[in-house]
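Analysis of the macromolecular model
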Amino acid sequence: MPPDGYTTVTISDSVATKLTQIMASHDHSNYAEAVEYAADTTLLQEDEITVQELIQLLAKRIDEIDETNLP
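Residues numbered from 1 in each chain as written. Predicted model: local features only at pLDDT ≥ 70, side-chain atom pairs only at ≥ 80, totals over all residues. Heavy atoms only, no water.

**Some remarks on the overall build of the protein chain**
Broken down by element type, the protein chain carries three helices and zero strands. Mapped from its N terminus to its C terminus, the protein chain presents α and β elements in the order α-α-α. Counting the 71 residues in the protein chain, one finds 21% classified as buried. Sequence separation of at least 24 residues holds for 40% of the intrachain contacts in the protein chain that already meet a minimum separation of 6. Carbon and sulfur atoms provide 52% of the accessible area of the protein chain, an area that totals close to 5600 Å². (Helix = DSSP H or I, 4+ residues; strand = E, 2+ residues; numbered from the N terminus. Buried < 20%, exposed > 50% of the residue type's maximum accessible area, 1.4 Å probe, protein only. Contact = heavy atoms within 4.5 Å. Areas by Shrake-Rupley, 256 points an atom, 1.4 Å probe, with all protein chains shown as cover.)

**Side note on helix α1 (residues 13-25)**
Taking 1.5 Å of rise per residue, the 13 residues of α1 would be expected to cover 18 Å, and the 19 Å separating its terminal C-alpha atoms lies within 8% of that figure. Where α1 is concerned, the buried positions are Val15, Ala16, Lys18, Leu19, Ile22 and Met23. All buried residues of α1 lie within an arc of 165° about the axis, which places them on one face of the element. Residues of α1 that are exposed and point more than 90 degrees away from the buried face comprise Asp13 and Ala24. (Expected span 1.5 Å × (residues − 1). Arc of directions from axis to C-beta.)

**Here's the deal with the nonpolar core**
Judged by nonpolar contacts, Val15, Leu19, Ile22, Met23, Ala34 and Ile62 together constitute the single largest core of six residues. The greatest single-element share of this core, amounting to four residues, is contributed by α1. (Core = buried A, V, L, I, M, F, W, Y, C linked by side-chain atoms within 4.5 Å.)

None of the figures reported here should be taken as evidence of function without further support.
And the structure:
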């Protein structure tokens with residue numbers, strides 16, 4: 001069970017791998033920072049979006065990243 005104020009999500013192994021690579025390339029120390037950064041960036045581009053829609057959108061965008069372009 002997550003701490004108060006946090007929610008857990010399940011992501012695929014490939015999304016986790018890509019998220020780890022993105023963390024390294026953007027100097028984030030953990031998944032939470034990387035997801036928060038991605039969420040903030042995405043919310044600036046969207047009108048209104050639910051948390052579930054945001055998670056699905058982030059997972060889709062991460063899946064679309066070509067791993068050969070990541071460090």
